[in-house]
Amino acid sequence: MEQEIGNEISGQLVTIAQLRRQLTDLMHIDDHVVMKPPDAVIVFRGQVHGDTEVAFERMTERFAAYGYTASLRDRQDGEGHEAVAIKGTIKRKPGRTWVNVILFLATLANVLYIGAGSSPQYTELVKDAQDPEALIIPLTHLHWGIPFAATLLSILLAHELSHYFVARRYNSPVSLPYFIPMPLSIIGTMGAVIVQRAPMRDRKALFNIGIAGPLGGLIVAIPLLILGLMLSSVEPPPPNVDVVLQEGNALLYMGLKYLIFGRILPSNGEDVWLHPVAFAAWAGLLVMMINLIPVGQLDGGHASYALLGRRAWGLGYIVIAAMVAWGGWLLISDNEAGAFWLTWGFLNLFLNPRHPPPLNDTTKLNGRHVALGFVMLAIFVLTYMPAPLREIHLR
């Protein structure tokens, strides 16, 4: 037993000495701490010489030769840096592409069904929505849902593939998009996600991967929304309709309606009766707005952590509190859209409150990234919908 302990201590000292030797020309080392004995996580504290980005690249290469992953962060007291050696290296594992394909096909079928059920042809054919046959007709006429499905899935694909290709550019181990079918929702899907199989490399990669999705989605969404509005009509509700769903107004959406129809809508008892292409593009803006919320690992959370570091955690909690407070206020005001904000507020509070640091958490972003951060903030403001979707009772 004593010999085993002695061998363990001896092996630990050899490992620490080997790793310390790799850092001698990169940083002045004050001391080290073994966070997970015997040698699973070792922290070397001191001051990096020169450019932290260059130092981190060299640490990464050198530690990998000994079977360790390098991480670099500022010390909590602000005096210097900590180089962390984590036993094990990041290995690329091939994903199960068939899972992505099955989820995409399930989402496609679901979105086609929802689109067929909201198509003009369905509205003309079905007079009684309570008739059991009303649920069957979209299944037998899925092609009616093509305009809606093609629009929505194009926006979601542009969003997720923009993340994917930028992540691959940074050699980040990410999955292909996983689409999430949601049969009981009004758009048939909860969107899509790509899975990050290892920590982000640095703040630059974190920022660029984070903003790529919203920018890619917006480039596709705006022309499709303009096309959809041009196919839509402005008129009062039909006399036989008692309840309508009112989509949320964002500044961008309101501006495009003004561009197409020459007035602010809704007004004087009239509103846009959306063509399926327009409704799907509006839904794409809603998904984009949700992703731009600066919390946790949402796209907005990626950008805010890249710019603010750990201060983004405090901002995230403030935003979560604001979502819960706004949702509660809406419900008290008899606006059921409050349930949307309460749901997102509590989901993020319990499942997604903090963004994990990247491996290199020391290198700050430059002025160009800060400017792009303000652009993303402007896009969030332009796509923000205070009440995303609510029922309006006409009688």
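Figured I'd write up the structure that's included with this text. All values derive from a computational prediction rather than experimental measurement.

Further remarks concern the overall build of the protein. A tally of regular secondary structure across the protein gives 13 helices and 10 strands. C-alpha atoms of the protein, sized along the principal axes, occupy 85 × 40 × 35 Å. The buried share of the protein, reckoned over its 395 residues, is 45%. If you take every contact in the protein between residues at least 6 apart in sequence, the share linking residues at least 24 apart comes to 70%. Carbon and sulfur atoms make up 63% of the accessible area of the protein, which amounts to about 20200 Å² in all. Within the protein, the 31 negative side-chain charges are centred at a point lying 9 Å from the centre of the 29 positive side-chain charges.

What follows covers the packing of aromatic side chains. Applying the stated criterion across every chain, the model contains 9 aromatic pairs. Taking 6.3 Å as the distance between ring centres and 40 degrees as the angle between the ring planes, the aromatic pair formed by Tyr305 and Trp313 counts as tilted. Comparing Tyr305 with Trp313 shows no difference in burial state: the two are buried. An angle of 50 degrees between the planes, with centres 6.0 Å apart, marks the rings of Phe380 and Tyr384 as tilted.

A word on helix α5 (residues 133-140). For α5, the full list of buried residues reads Ala134, Ile137 and Pro138. Along the axis of α5, the buried residues cluster in a sector spanning 95 degrees; they form a single face. Exposed positions of α5 whose direction lies more than 90 degrees from the buried face are Leu135, Leu139 and Thr140. Contacts from the buried residues of α5 go to α3 (97-117) and α4 (120-125).

This part takes up unusual backbone geometry. Geometrically, the link from Pro37 to Pro38 is a cis peptide bond, its omega value of -5 degrees lying close to zero. With respect to the helices, strands and loops of the structure, Pro38 is situated in the loop between β1 (27-36) and β2 (41-48). With an omega of 0 degrees, the peptide bond running from Leu265 to Pro266 counts as cis. Within the element layout of this structure, Pro266 appears in the loop between α8 (251-261) and β9 (271-273).

Let's shift gears to a nonpolar patch on the surface. Residues Leu251, Val370, Phe374, Leu377, Val381 and Leu382 make up a contiguous nonpolar surface patch of about 550 Å² in total accessible area. Element by element, the count of residues in the nonpolar patch is highest for helix α13 (residues 367-383), at 5 residues. Its place among the elements puts Phe374 in helix α13. Judged by its relative accessible area of 57%, Phe374 falls in the exposed class.

Turning to the packing of helix α11 (residues 311-332) against helix α12 (residues 338-351), a few remarks are in order. Running from amino to carboxyl end, α11 crosses α12 at an angle of 150 degrees, the nearest separation of the two axes being 7 Å. Taken together, the axes of α11 and α12 are roughly antiparallel relative to one another. Regarding α11 and α12, the two cross each other, and that crossing is left-handed. Taken together, the residues of α12 that come into contact with α11 (itself represented by Tyr317, Ile320, Met323, Val324, Trp326, Gly327, Gly328, Leu330 and Leu331) are Gly338, Ala339, Trp341, Leu342, Trp344, Gly345, Phe346, Asn348 and Leu349. Looking at the contact of α11 with α12, its residues break down into 13 nonpolar, 5 polar and no charged.

Turning next to the sheet that holds strand β4 (residues 81-87). Strand order across the open sheet formed by 4 strands is β1-β2-β4-β3, with antiparallel pairing between neighbours. Each of the sheet's edge strands pairs with one partner strand only, and the pair in question is β1 and β3 (68-74). Put simply, the sheet's adjacent strands are angled 25 degrees from each other on average, direction ignored.

Here helix α7 (residues 203-230) is 28 residues long and its end C-alpha atoms lie 41 Å apart, about the 40 Å a rise of 1.5 Å per residue gives. Of all the bends in α7, the greatest reaches close to 25 degrees and is centred on Ala212; the proline Pro214 follows between one and four positions later. Two or three places before Lys204, at the opening of α7, Asp202 has a side-chain oxygen 3.2 Å from that residue's backbone nitrogen.

Grouped together as the largest cluster of nonpolar side chains are 68 residues, with contacts concentrated most on Phe148, Leu152, Leu285 and Ile293. Those elements that provide at least two residues to this core are α3, α6 (146-169), α7, α8, α9 (276-291), α10 (299-308), α11 and α13. With 12 residues, the single largest contributor to this core is α9. In this view, Phe148 contacts Val111, Ile114, Gly115, Ile187, Pro276, Phe279 and Ala280; residues no more than four positions away in its chain are not counted. Judged by nonpolar contacts, the second largest core, of 19 residues, contains Met27, Met59, Ala70 and Leu72.

For the rest of this paragraph, the subject is the side chain of Thr189. Structurally, the position occupied by Thr189 is in strand β6 (residues 189-193). Among the polar contacts listed, one links the side chain of Thr189 to the backbone nitrogen of Gly191, at a separation of 2.9 Å. Setting aside residues up to four positions removed in sequence, Thr189 forms contacts with Thr107, Val111, Leu152, Leu156, Ile180, Pro181 and Met182.

Another point: the packing of α3 against α5. Interhelical geometry of α3 versus α5 gives an angle of 120 degrees and a closest axis separation of 8 Å. Classified by the angle their axes make, α3 and α5 are oblique. α3 and α5 meet at a crossing whose hand is right-handed. Where α3 approaches α5, its residues Tyr113, Ala116 and Gly117 are matched on the opposing element by Leu135, Pro138 and Leu139. Classifying every residue of the contact of α3 with α5 by side-chain character gives 5 nonpolar, 1 polar and no charged.

Rules and cut-offs
- Residues numbered from 1 in each chain as written.
- Predicted model: local features only at pLDDT ≥ 70, side-chain atom pairs only at ≥ 80, totals over all residues.
- Heavy atoms only, no water.
- Helix = DSSP H or I, 4+ residues; strand = E, 2+ residues; numbered from the N terminus.
- Buried < 20%, exposed > 50% of the residue type's maximum accessible area, 1.4 Å probe, protein only.
- Contact = heavy atoms within 4.5 Å.
- Areas by Shrake-Rupley, 256 points an atom, 1.4 Å probe, with all protein chains shown as cover.
- Lys, Arg positive; Asp, Glu negative; His and termini not counted.
- Charge placed at Lys NZ, Arg CZ, Asp CG, Glu CD.
- Phe/Tyr/Trp six-rings, centres within 6.5 Å; stacked < 30°, edge-to-face > 60°.
- Arc of directions from axis to C-beta.
- Patch = residues over 30% accessible without salt bridge, like charges linked within 9 Å, V, L, I, M, F, W, Y side chains within 5 Å.
- Salt bridge = Lys/Arg side-chain N within 4 Å of Asp/Glu carboxyl O.
- Axes fitted to C-alpha atoms, helices over the stretch in contact; angles between N-to-C directions.
- Parallel < 35°, antiparallel > 145°, perpendicular 65-115°, else oblique.
- Left-handed = near helix turned anticlockwise from the far one by under 90°.
- Nonpolar A, V, L, I, M, F, W, Y, C, P; charged D, E, K, R; others polar.
- Pairing = 2+ DSSP bridges.
- Expected span 1.5 Å × (residues − 1).
- Bend = angle between axes of the 7 residues up to and from the residue.
- Polar contact = N/O pair within 3.5 Å; in protein donor to acceptor, adjacent residues only side chain to side chain.
- Core = buried A, V, L, I, M, F, W, Y, C linked by side-chain atoms within 4.5 Å.

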